[in-house]
Amino acid sequence: MTALERLTRYVVWIVAAATVVFLMTPLVVTLAVSFGSSTVFTLPPPDWSLRWYERLASTRGLLPALTVSLQVAAISTVISMVLGTLCAIALVRGRFPGREAISTFLVSPLMLPGLVIGIAMLQGFKSMGLRDVYASLLIAHVVITLPYIVRTVVGALGLFDFSLIDAARTLGCNYPAALVRVLVPALAPAFLTSGMFAFLASMDNYPISIFFTDAWTKTLPIQMLQYVEERPDPTIAAISAGLVLLAIVALVIGDRLVGLRKLADF
Amino acid sequence: MTPATASPQRPPSPWRDPVALLAVPAVIYFAVVYAYPLVWLLLKSFSSPTGFTVQPYIGFLSDPFNWRVIGNTLRVAAWVTLFCLIVGYPAAFALARAGAFVQIVMLVSIILPLSIGAVVKAFAWQIVLRRDGVVSQLMVGLGLWDEPQRLLFTETGLVLGAANIFLPFMILPIYSVVKLIDPRLSEAGATLGATPLYRFTHVTLPLTLPGVVSGIAFVFSMSVSMFVIPSLLVGDRFQTLSTLTGRSFLLMRNEQLGSTTAVVLLVLAVSIVVASTWLGRRLGGRT
């Protein structure tokens, strides 16, 4: 091994270690602040305490916001899974023109500025006479979650052996029953990972949700940003720590079901 | 049943393929609640009580303040992308070539932040970038700064925070091409007498270029569009297209200005996607 190669190797490893530290910094800082006793975010914390977690119970507006976020994320993910899977079957199995265009169209919200989509929806929904905030929020969040489902399920369907469906039909299943009993189990890992990412994307969305908010309907990120602006204290770090925990649980489930390397596929 | 029985009755036209019906609900849904509002926004920004107009755009582009906003947007996005590329390129190689344990640690540190929202991470960066924050302590500790400095509410702080949040989108696409490269290719080059630099520029770099292009496209377009991160890390004095759009709708209630900036932002974002897709196809990579 030449000196230059050894040097390159060292440089690459230093960069790798630095990357891990850099990427984990916000999460570690959030956790450290949430378990610290300091009101002014002193790091490292002078003493450990659970006072910010105890504060959570008395934080006004937190529970309603969490409820709205969980509801909207769950309902919109389920709707997206049904619409997205049906569409993915058509895109993979169909022989009609324009499939490429449809798939780009359905994944495109991932690539456009959320704020612009939100503004457009705000005005578009108004022009259609839709004024209910909760319904608008839900309808908008399907647009946030569907791209994740379509992208992943189209990929998984490409690897599925469709002659299994024909086999089930030969054995007496009708077409919908064959889909439910053969296709759904085979696609379970794809459903779970794409559903998970869709759910988290909906939970975390700010730029679209901000346009469908009123005094009674607020999602968690919107409520959190409001806390940050009104009264920044480590209570927000405690809420954040809860979301970090949720992400860790999701990651462990994802790893068990499909493996970390699969999750990193781009 | 023999395979031959399936073939005689092919659909007369591909348009009548019954499987296509399964795509109808999703496509109609998106057409109504997503495409129609975007088209409506676009048309409205070109209409006035008297008919078609480009006046708002002329007004917008003739104001030097707005050019500064466009400049801010592109400059910050360029710095964030450059930072991510410099850190992410070697990191993607390390990820591809690492042993099992290091690879798991790296993958967790890349995927975990991806599942956490921008509000949470930007709030953490507010703490990190304070005068008594981690970055300031580190720089003073290393002797690079004479006294603690506040990076929060500065452009540097914004670039650092945004680069941290978008870095996974640079590493993963590059990693996806690096892991397919046979390390023996470079060794073959060495056997034939190529210098390490020549091997990098003539073997490794061209092979990783599709990943680099899609990483740059991801990070650049997300940096142009970001809204929560600048709101928390840089404040009102520094406006980007995205924060200006948000402000005009949410605070100033100036829908005309908001629609104009939103369309400018949309055009910018779409041209980045189109350009990178075209470049990706030319390079023969998957996008």
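What you see is a predicted model; the values in this text were computed from it and never measured. (Residues numbered from 1 in each chain as written. Chains lettered and ligands numbered in written order. Predicted model: local features only at pLDDT ≥ 70, side-chain atom pairs only at ≥ 80, totals over all residues.)

(A) Examining the overall build of chain B more closely. Looking only at helices and strands, chain B features twelve helices and two strands. Against the compact-globule benchmark of 19 Å for 287 residues, chain B has a radius of gyration of 24 Å, which places it well outside the compact range. Its C-alpha atoms give chain B principal-axis dimensions of about 85 × 75 × 35 Å. Put simply, of all contacts in chain B between residues at least 6 apart along the chain, 72% involve residues at least 24 apart. (Helix = DSSP H or I, 4+ residues; strand = E, 2+ residues; numbered from the N terminus. Rg over C-alpha atoms; globule rule 2.2 N^0.38 Å. Contact = placed C-beta atoms within 7 Å.)

(B) Representation of the overall build of chain A. Across its full length, chain A carries twelve helices and zero strands. Structurally, chain A occupies a C-alpha span of about 70 × 70 × 35 Å along its principal axes. The buried share among the 266 residues of chain A stands at 41%. Taking as baseline every contact in chain A between residues at least 6 positions apart, the subset at least 24 positions apart corresponds to 73%. (Buried ≥ 20, exposed ≤ 12 C-beta atoms within 10 Å, placed from the backbone.)

(C) Highlighting the interface of chain A and chain B. The interface is formed by 76 residues belonging to chain A together with 70 residues belonging to chain B. In terms of residue count, the dominant contributor to the side of chain A that touches chain B is helix 1 (residues 3-34) of chain A (18 residues). Of the residues that constitute the side of chain A that touches chain B, the class distribution is 60 nonpolar, ten polar and six charged. (Nonpolar A, V, L, I, M, F, W, Y, C, P; charged D, E, K, R; others polar.)

(D) Looking closely at the domain arrangement of chain A. Residues and elements named next belong to chain A. Looking at the assigned domains, one finds that chain A contains domain 1 (26-58 + 233-266) and domain 2 (61-219). Measuring from the centre of the C-alpha atoms in domain 1 to the corresponding centre in domain 2 gives 28 Å. Of the residues lining the interface, eight residues belong to domain 1; the matching set on domain 2 comes to six residues. If one sorts the elements of the side of domain 1 that touches domain 2 by residue count, helix 11 (residues 235-258) sits on top with six residues. Taken together, the residues of the side of domain 1 that touches domain 2 sort by class into seven nonpolar, one polar and no charged. (Domains from an automatic or database assignment.)

(E) Focus on the confidence of the model for chain A. Taken residue by residue, chain A gives an average pLDDT of 89. The fraction at 70 or more is 99%. When mean pLDDT is taken per element in chain A, helix 3 (residues 62-93) of chain A scores highest with 95 and helix 12 (residues 260-263) of chain A scores lowest with 80. (pLDDT = per-residue confidence, 0-100.)

(F) How the structure looks around the domain arrangement of chain B. Once the domains are mapped, chain B shows domain 1 (14-45) and domain 2 (56-282). At the junction of the two partners, domain 1 of chain B supplies four residues and domain 2 of chain B supplies five residues.

(G) Spotlight on the packing of helix 3 (residues 64-97) of chain B against helix 7 (residues 155-178) of chain B. All names here are of chain B. At a minimum axis separation of 6 Å, helix 3 and helix 7 run at an interaxial angle of 40°. Classed by the angle they form, the pair helix 3 and helix 7 counts as oblique. Considering how the two elements wind past one another, helix 3 and helix 7 form a crossing that is right-handed. Taken together, the residues of the contact of helix 3 with helix 7 break down into 24 nonpolar, one polar and one charged. (Axes fitted to C-alpha atoms, helices over the stretch in contact; angles between N-to-C directions. Parallel < 35°, antiparallel > 145°, perpendicular 65-115°, else oblique. Left-handed = near helix turned anticlockwise from the far one by under 90°.)

(H) Main features of the nonpolar core. Core analysis: the largest hydrophobic core is formed by 149 residues, its most contacted members being Phe166(B), Ile171(B) and Val219(B). Residues within four places of Val219(B) in sequence aside, it is in contact with Val80(B), Thr81(B), Cys84(B), Phe166(B), Phe169(B) and Met170(B). (Core = buried A, V, L, I, M, F, W, Y, C linked by C-beta atoms within 7 Å.)

(I) Here's a closer look at the environment of Asn205(A). All names here are of chain A. Along the polypeptide, Asn205 turns up in the loop between helix 9 (188-204) and helix 10 (220-230). By the C-beta count within 10 Å, which is 29 here, Asn205 ends up buried. As for Asn205 and Gly114, which are separated by 91 residues in sequence, their C-alpha atoms are 8.7 Å apart. Each residue touching Asn205, except ones within four places of it in the same chain, is listed here: Gly114, Ile144 and Pro221.

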